[in-house]
Amino acid sequence: MAYNQAAGLGGMLKKGHKSMQGLQGATLRNVEACHEISTITRTSLGPNGMNKLVVNHLGKIIVTSDCATIVKELEIEHPAAKMLQLAAEAQDFECGDGTNLVVSFAGELLSQTEDLFRMGLHPSDAVAGFTKAGDKLMEEFLPPLAELITPMADGRVKEELERVVKPVLAAKQLGSEDVLAPLVAEACLGTMSSSGKPSFSAESVRVAKILGGDISQSHVVNGFVALRGLETTLTTAKDAKVVVFGCGIEASATEAKGTVLMKNADDLKNYNKTEEKKMEEIIKGIADSGIKVLVAGGSVSEMALHFIERYGMLCLRIGSKWELRRLCTATGATALV
């Protein structure tokens, strides 16, 4: 296909695409996009920052002041603003905090350069100036500030962990850091490896919220907490043997349709008794093996629950497969199907 020189670059692009260049067309638009993102997040900066209500593409409502979560759920498409989002995600991955500062500070720096661009300064000169300023900051200003901070001596000492965690918690939960810091330190120590460099998995620590409770009533539970009651009337078991099923405990339906011919009432009685007898054999076999706690990943039929009660076992139903995996990790079990 011949290139139409009269149409220019627009003649090579698909319908609906635009090409922009120069100060007004590209540079200032990029600065404006980054400034808009920083304007959205800057009001959430600090301990007194406001929460944002975000509704994502699935219709899920998220109320948070965490900048990384906000920019992730915004589904940004502009390339320059997308770089700010990636910077916030990198900061969250490396340090776990300070994401709002990254976005707000970058947006403000770009806003200050807008006047310089209008005065005729080339963007490459602005980049060179920022590079020199960054080098001066790292060499002269930050080292004296770093000397004022006492480094953590031992990551396995609870008091050291509390000292490090408390300022981070104060940025999100101002006034509650004295209550939450010991709990977070205890949870970290509970999941920390006993040998090698102190490290722990954030996936091993979960937060369970109980309606009607207060933050001062919070405490650490070494194990697993399920936010639902038991299916049985028996609620306690000590030093119990646990079995975990990844499926429900009920009579499975046949894959193909079948017809059962019943000629009299005795046939109907015997049919029901056969189903009950088979279910009792299964539950009795589980009870005879020493099982005291039975966990199901699906629904539990009334008949199965009746025999579980009869043989004195606890029954817990967990609908989420992720929660079921965490329970298996906490108990050292393997989900059976």
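Before any of the text, the structure's been laid out above.
Remember, predicted model here, so these are calculated numbers, not experimental data.

### Re helix α4 (residues 99-119)
Next up, step 1: End to end, α4 covers 32 Å across 21 residues, agreeing with the expected 30 Å (1.5 Å per residue, within 8%).
Next up, step 2: Taken as a whole, α4 carries its principal kink of about 25° at Thr113.
Next up, step 3: Within α4, burial applies to Thr99, Asn100, Val103, Ser104, Gly107, Ser111, Thr113 and Phe117.
Next up, step 4: Just downstream of α4, Gly120 is the residue with a positive phi angle, here 115°.

### Description of the sheet that holds strand β3 (residues 241-245)
Strand pairing in a sheet relies on backbone hydrogen bonds, with the paired strands running either antiparallel or parallel.
Next up, step 1: Pairing within the open sheet is parallel, and its 3 strands lie in the order β3-β4-β5. At either end of the open sheet lies a strand with only one pairing partner, and these are β3 and β5 (314-317). Averaged over all pairs of adjacent strands, the angle between their axes in this sheet comes to 20°, without regard to strand direction.
Next up, step 2: Pairing geometry for strand β4 (residues 291-296) and β5, over 4 bridges, is parallel. Within β5, the position partnered with Ala296 by the bridge is Arg317.

### Topic: the packing of helix α3 (residues 79-94) against α4
Next up, step 1: Closest axis-to-axis distance for the α3/α4 pair is 8 Å, and the angle between their directions is 150°. Our classification of the angle between α3 and α4 gives roughly antiparallel. Where α3 crosses over α4, the two elements pack in a sense that is right-handed. Residues Leu84, Ala87, Ala88, Gln91 and Asp92 of α3 form the contact with α4, whose participating residues are Thr99, Val102, Val103 and Ala106.
Next up, step 2: When the residues that make up the contact of α3 with α4 are grouped by side-chain class, the tally is 6 nonpolar, 2 polar and 1 charged.

What counts as what
The residue numbers shown here count from 1 along each chain, following its written sequence. Given that the model is predicted, a residue must reach a pLDDT of at least 70 before its local features are reported, and side-chain atom pairs must reach 80 or more before they are shown or counted; all residues, however, enter totals for whole chains, interfaces and linings. Working from all heavy atoms in the structure, the side-chain values ignore hydrogens and water. By definition, any uninterrupted DSSP run of H or I lasting at least four residues is a helix, any uninterrupted run of E lasting at least two residues is a strand, and each is numbered from the N terminus. To estimate how far a helix should reach, multiply one less than its number of residues by 1.5 Å. For a residue, the bend is simply the angle between two axes, fitted respectively to the seven-residue segment ending there and the seven-residue segment starting there. Note on exposure labels: buried denotes an accessible area under 20% of the residue type's maximum, exposed denotes more than 50%, and partly exposed covers the range between, all computed with a 1.4 Å probe on protein chains only. Two strands are said to pair when DSSP picks up at least two bridges between them. Think of each axis as a best-fit line through the C-alpha atoms, taken over the contacting stretch in the case of a helix, with angles from 0 to 180 degrees between the N-to-C directions. Reported orientations rely on four angle classes, namely roughly parallel under 35 degrees, roughly antiparallel over 145, roughly perpendicular from 65 to 115, and oblique for the rest. Less than a right angle of anticlockwise turn of the near helix away from the far helix marks a crossing as left-handed, whereas a clockwise turn marks it as right-handed. In what follows, residue pairs with any heavy atoms lying within 4.5 Å of each other are defined as contacts. Residue polarity follows a fixed list, in which Ala, Val, Leu, Ile, Met, Phe, Trp, Tyr, Cys and Pro are nonpolar, Asp, Glu, Lys and Arg are charged, and the others, Gly among them, are polar.

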